[in-house]
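# Observations on chain architecture
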Amino acid sequence: KSLRTVLDWTVGGNQTCEQAQENTSSYACKQNNAICRDYNVSTKGYRCNCQQGYEGNPYLGCTDIDECAGPNRSHKCKNIPGSQTCSCRKGYHGDGLIVTRTVLVIPFVEPSWLCGQYR
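Residues numbered from 1 in each chain as written. Predicted model: local features only at pLDDT ≥ 70, side-chain atom pairs only at ≥ 80, totals over all residues. Heavy atoms only, no water.

### Considerations on the state of the cysteines
- Using the criterion set out here, one finds three disulfides in the structure.
- Paired by a disulfide, Cys17 and Cys36 hold their sulfur atoms 2.0 Å apart. The chirality of the disulfide connecting Cys17 with Cys36 is left-handed, given an S-S dihedral of about -90 degrees. Here Cys17 is found in helix H1 (residues 17-21), whereas its partner Cys36 is found in strand E1 (residues 34-38), with 19 residues between them in sequence.
- Paired by a disulfide, Cys29 and Cys48 hold their sulfur atoms 1.9 Å apart. Here the S-S torsion is close to -95 degrees, and the disulfide linking Cys29 with Cys48 is therefore left-handed. Separated by 19 residues along the polypeptide, Cys29 in the loop between H1 and E1 and Cys48 in strand E2 (residues 46-50) bring together distant segments of the chain. There is no split in this pair, since Cys29 and Cys48 are both buried. (Disulfide = S-S within 2.5 Å. Helix = DSSP H or I, 4+ residues; strand = E, 2+ residues; numbered from the N terminus. Buried < 20%, exposed > 50% of the residue type's maximum accessible area, 1.4 Å probe, protein only.)

These results come straight from atomic positions and should not be treated as a statement about function.
Okay, here's the thing in structure tokens:
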């Protein structure tokens, strides 16, 4: 027989993010690229999260996600802190995130951020 446990927790006691930020010595979300989120209205306290484009433990530090890492990248991609810049090769249209190319006068949208060759 197993027993399932749900851990529901916050930091900051009865403080909101705004209140907690006033006391920098006890504020938990002070690591680089961490942000504070109020837990909910009825239960005080807050939680820390990594900013968009970052991963890790927000209480210890968040690191940049390299969105350009991985094999078979057919578009031009440059990783920048928290994001990336993308562009398509010559002959393709779009921003490298969502690409379009006219094939036989029929607009074709590839639902991907890869600028692959159409067949």
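Once you've had a look at it, read on.
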